[in-house]
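# Working through the structure, step by step
The primary structure of each chain is shown beneath.
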Amino acid sequence: RGAYDYLTKPFDLDEVQLTLERALRQRALAREVKTLRARASAGDESDDAEPELVGRSAAMREVFKAIGLAAATDAPVLIVGESGTGKELVATALHRHSDRAGGPFIRVNCGALPEGLVESELFGHERGAFTGADRQRPGRFERAAGGAIFLDEVGELPPSAQAKILRVLQQKEFERVGGTETLRSDARVIS
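My aim in this report is to walk through the structure given alongside it, one point at a time. (Residues numbered from 1 in each chain as written. Predicted model: local features only at pLDDT ≥ 70, side-chain atom pairs only at ≥ 80, totals over all residues. Heavy atoms only, no water.)

### Some points on the pattern of salt bridges
Scanning all chains against the criterion turns up 11 salt bridges. The salt bridge involving Arg100 is made with Asp74; its shortest N-O contact spans 2.7 Å. Taken as a pair, Arg100 in the loop between α3 (87–96) and β1 (105–109) and Asp74 in the loop between α2 (58–71) and α3 lie far apart in primary sequence, 26 residues in all. Given the relative accessible area of 46%, Asp74 is considered partly exposed. A salt bridge links Glu88 to Arg107; the nearest nitrogen and oxygen atoms lie 2.8 Å apart. Linking Glu88 in helix α3 with Arg107 in strand β1, this pair joins segments that are 19 residues apart in sequence. For Glu88, a relative accessible area of 36% puts it in the partly exposed group. Through salt bridges with shared partners, a single ionic network connects Arg167, Glu173, Glu175 and Arg184. (Salt bridge = Lys/Arg side-chain N within 4 Å of Asp/Glu carboxyl O. Helix = DSSP H or I, 4+ residues; strand = E, 2+ residues; numbered from the N terminus. Buried < 20%, exposed > 50% of the residue type's maximum accessible area, 1.4 Å probe, protein only.)

### Some details on a nonpolar patch on the surface
A grouping of Leu7, Phe11 and Leu13 is seen on the molecular surface, where their side chains present a nonpolar patch of about 310 Å² in accessible area. Within the secondary structure, Leu7 sits in the segment before α1 (13–42). (Patch = residues over 30% accessible without salt bridge, like charges linked within 9 Å, V, L, I, M, F, W, Y side chains within 5 Å. Areas by Shrake-Rupley, 256 points an atom, 1.4 Å probe, with all protein chains shown as cover.)

### Describing the packing of α2 against α3
For the pair α2 and α3, interaxial distance at closest approach is 9 Å and the crossing angle is 45°. By the angle between their directions, the pair α2 and α3 is classed as oblique. Of the two elements, α2 crosses α3, and the hand of that crossing is right-handed. Between α2 and α3, the contacting residues are Val63, Ile67, Ala70 and Ala71 on the first element and Val90, Ala93 and Leu94 on the second. Taken together, the residues that form the contact of α2 with α3 break down as seven nonpolar, no polar and no charged. (Axes fitted to C-alpha atoms, helices over the stretch in contact; angles between N-to-C directions. Parallel < 35°, antiparallel > 145°, perpendicular 65-115°, else oblique. Left-handed = near helix turned anticlockwise from the far one by under 90°. Contact = heavy atoms within 4.5 Å. Nonpolar A, V, L, I, M, F, W, Y, C, P; charged D, E, K, R; others polar.)

### Regarding the sheet that holds strand β4 (residues 148–152)
The strand order β1-β4-β7 describes an open sheet built from three strands, whose pairing is parallel. Two strands close off the open sheet at either side, each with one partner strand: β1 and β7 (188–190). Direction aside, the axes of adjacent strands within the sheet are offset by 20° on average. Bridging between β4 and β7 involves three bridges; their strand directions are parallel. Residue pairing across strands places Ala148 opposite Arg188, the latter belonging to β7. (Pairing = 2+ DSSP bridges.)

### A look at empty space enclosed by the protein
Across all of its chains, the model carries one cavity of 30 Å³ or more by this definition. One number sums up the size of the largest cavity: a volume of about 40 Å³. Lining of the largest cavity is provided by Asp74, Pro76, Val168, Leu169, Lys172, Ser185, Ala187, Arg188 and Val189. When residues of the lining of the largest cavity are traced back to their parent elements, those giving at least two are α6 (159–171) and β7. Looking at the lining of the largest cavity, its residues break down into five nonpolar, one polar and three charged. (1 Å grid on protein atoms, 1.4 Å probe; cavity = no way out; pocket = protein on both sides within 12 Å on 5 of 7 lines; lining within 4 Å. Points joined across faces, edges and corners; volume = space filled by probe spheres on them.)

### Some words on α6
Here α6 is 13 residues long and its end C-alpha atoms lie 18 Å apart, about the 18 Å a rise of 1.5 Å per residue gives. Taken together, the buried positions of α6 are Ala161, Ile165 and Val168. All buried residues of α6 lie within an arc of 50° about the axis, which places them on one face of the element. For α6, the exposed residues lying more than 90 degrees away from the buried face are Pro159 and Gln170. Looking at the packing, one finds that the buried side of α6 touches α4 (118–123), α5 (140–143), β4 and β5 (173–175). Following α6 by one or two positions, Lys172 adopts a phi angle in the positive range, close to 60°. (Expected span 1.5 Å × (residues − 1). Arc of directions from axis to C-beta.)

Below, the structure written as structure tokens:
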């Protein structure tokens, strides 16, 4: 990806620290510019009105640090905490600061999905898969391609749906309801 700077030997530890801080700041700015350009080109201003995490306590600094570490990877993330503690805000911040920030961020309240429609909502369905399925419909995993999907209250899903999500996490593939074609998922899973 190219070098940011170089150091000559013997090097001074203060110089190394300063160079690293500058490189991290530069990387954060580059991500922010990329995100803002993507939003501007998509005409998406709705995210700007969303609340953001705030705080200066030691605990919040640890949360911000964890978000930064997780955002730098593409690994699935599990956010735990009591109801109302801001898990969705953490998920949103994680997405905004990741390399996938220009992609979609699909939120799914798993506890509110009707049990009979869970698989169709998450994985989509083929025309004729069930009564009323008059056309093919992509699921939330497909719509999250290139971005992230946030599965809020994932523990509320029926075990059969959790097993299919596990397959998406492990093999990065799924089938639509009533379908035979195996589809690939590149969406980052945050739950």
